[in-house]
Amino acid sequence: QSYPNKPWNWIRLSQNPNITFDNVLAHPNKDWDWCSLSCNPNITFDNVLAYPEKPWCWYYLSEHLNITFAIVLAYPNKPWDWIALSQNPNITFDIVLANPNKPWKWSGISLNPNTTFDIVQAHPDKSWDWAGLSQNPNITFDIVMDHPDKPWSWYCLSMNLNITMDNVCAYPNKRWDWYNLSGNPNITFNNVLAYPNKPWNWYNLSRNSFYKVKQNF
């Protein structure tokens with residue numbers, strides 16, 4: 001409000017956690033991006049119900065942390081996106097097993113942070129997506145090494161938050177993807193400086209928040 005003439009990015013502003021739905025309602029003529037608003041952490045399902053005419057993005061709503069399975073059951077006619085729902089952290093594997101007739105997407109379940117390798121091993125008949133599992137934060141490099149017969153995706157493992165430069169250096173002949181490694185927040189800029197001859201992708205390095213390093217500092 002104080003600086004209306006600045007070149008604000010309304011896509012980013014719309015998902016900014018400092019923006020509330022009251023702000024949106026108070027300024028209806030602003031260039032709000034409704035896809036970005038749909039993943040804003042301040043958006044509740046009550047907001048969606050109160051303003052059904054708004055162009056909500058149901059993919060982002062379906063993976064929203066404020067969406068529970070109880071809400072999905074209470075509003076079965078809403079255009080839920082089952083890929084996004086399947087990876088929503090509020091969806092547990094017990095919910096999936098208890099509701100086998102729902103159109104679950106195993107690519108999403110494989111990415112879901114509630115899915116552990118113990119679950120995968122206990123249910124080998126399920127249609128696991130190994131690309132999704134390779135990105136899953138519960139999959140560690142030790143698990144990968146202990147199960148070399150599994151169809152791991154090294155492209156997706158390269159963006160797994162558990163992968164470190166030590167892993168990469170210890171197994172240089174693995175099919176690491178340097179574009180994804182360059183964006184992996186577990187990679188530090190010291191790693192980049194220490195290995196200048198690696199095929200780093202500077203576009204992805206430029207976007208890398210390195211937040212895992214900051215978390216561990």
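For the structure, see preceding data.
Residues numbered from 1 in each chain as written. Predicted model: local features only at pLDDT ≥ 70, side-chain atom pairs only at ≥ 80, totals over all residues. Heavy atoms only, no water.

A.B. asks: Describe in detail the overall build of the protein chain, supporting the description with residues and values.
C.D. replies: When its secondary structure is counted, the protein chain shows 18 helices and 0 strands. For the protein chain, the spread of C-alpha atoms along the principal axes amounts to about 55 × 50 × 25 Å. Counting over 217 residues, the protein chain shows a buried share of 40%. Sequence separation of 24 or more characterises 39% of the internal contacts of the protein chain that already satisfy a separation of 6 or more. Total accessible area on the protein chain stands at roughly 12,700 Å², and carbon and sulfur atoms take up 51% of it. Seen as two clouds, the 15 positive and the 16 negative side-chain charges of the protein chain have centres 6 Å apart. (Helix = DSSP H or I, 4+ residues; strand = E, 2+ residues; numbered from the N terminus. Buried < 20%, exposed > 50% of the residue type's maximum accessible area, 1.4 Å probe, protein only. Contact = heavy atoms within 4.5 Å. Areas by Shrake-Rupley, 256 points an atom, 1.4 Å probe, with all protein chains shown as cover. Lys, Arg positive; Asp, Glu negative; His and termini not counted. Charge placed at Lys NZ, Arg CZ, Asp CG, Glu CD.)

A.B. asks: Any chance you could break down the nonpolar core for me, citing the residues and the numbers?
C.D. replies: In terms of nonpolar packing, the biggest core is built from 50 residues, with Trp 56, Trp 80, Trp 104, Trp 128, Trp 152 and Trp 176 touching the most fellow members. The contacts of Trp 152, once residues within four sequence positions are left out, are Phe 117, Trp 130, Ser 134, Ile 139, Ile 143, Val 144, His 147 and Leu 157. (Core = buried A, V, L, I, M, F, W, Y, C linked by side-chain atoms within 4.5 Å.)

A.B. asks: Let's hear about the state of the cysteines: which residues, and what values?
C.D. replies: Within this structure, the stated rule accounts for 0 disulfides. Free of any disulfide, Cys 35 has its nearest neighbouring cysteine sulfur in Cys 57, separated by 3.8 Å. (Disulfide = S-S within 2.5 Å.)

A.B. asks: Residue-level account of the side chain of Asn 99, with values.
C.D. replies: Within the element layout of this structure, Asn 99 appears in the loop between α8 (93-98) and α9 (106-111). Separated by 2.9 Å, the side chain of Asn 99 and the backbone oxygen of Ile 95 make a polar contact. In this structure, Asn 99 is in contact with Phe 69 and Trp 104, ignoring residues within four places of it in sequence. (Polar contact = N/O pair within 3.5 Å; in protein donor to acceptor, adjacent residues only side chain to side chain.)

A.B. asks: Any details on the packing of aromatic side chains? Residues and values, ideally.
C.D. replies: Enumeration over the complete set of coordinates arrives at 23 aromatic pairs. Judged by centre distance (5.8 Å) and plane angle (35°), the ring pair of Phe 21 and Trp 56 falls under tilted. Pair noted here: Phe 21 is in helix α2 (residues 21-26) and Trp 56 is in the loop between α4 (45-50) and α5 (58-62), with a separation of 35 residues, a long-range link. Neither residue differs from the other here; Phe 21 and Trp 56 are each classed as buried. An angle of 85° between the planes, with centres 5.0 Å apart, marks the rings of Trp 106 and Trp 128 as edge-to-face. With Trp 106 in helix α9 and Trp 128 in the loop between α10 (117-122) and α11 (130-135), the pair connects residues that are 22 residues apart, well separated along the chain. The exposure class assigned to Trp 106 is buried, which follows from its relative accessible area of 19%. Taken together through their ring pairs, the aromatic side chains of Phe 21, Trp 34, Tyr 51 and Trp 56 make up a single cluster. (Phe/Tyr/Trp six-rings, centres within 6.5 Å; stacked < 30°, edge-to-face > 60°.)

A.B. asks: Requested: an account of the side chain of Asn 88, with residues and values cited.
C.D. replies: Positionally, Asn 88 belongs in the loop between α7 (82-87) and α8. Given the relative accessible area of 1%, Asn 88 is considered buried. Excluding its chain neighbours within four sequence positions, the residues that come into contact with Asn 88 are Ser 62, Glu 63, His 64, Ile 67, Asn 112 and Asn 114.

A.B. asks: Give me a nonpolar patch on the surface: which residues, what numbers.
C.D. replies: There is a patch of nonpolar side chains on the surface, built from Tyr 59, Tyr 60 and Ile 83 and spanning about 230 Å² of accessible area. Its place among the elements puts Ile 83 in helix α7. With relative accessibility at 37%, the residue Ile 83 sits in the partly exposed group. (Patch = residues over 30% accessible without salt bridge, like charges linked within 9 Å, V, L, I, M, F, W, Y side chains within 5 Å. Salt bridge = Lys/Arg side-chain N within 4 Å of Asp/Glu carboxyl O.)

A.B. asks: Just give me the short version of the environment of Arg 207, but keep the residues and values in it.
C.D. replies: Tracing the backbone shows Arg 207 in helix α17 (residues 202-207). Accessibility expressed as a relative area gives 54% for Arg 207, which makes it exposed. Remark: the alpha-carbon pair of Arg 207 and Leu 13, spanning 194 residues in sequence, is separated by 18 Å. A distance of 2.9 Å separates a polar atom in the side chain of Arg 207 from a polar atom in the side chain of Asn 204.

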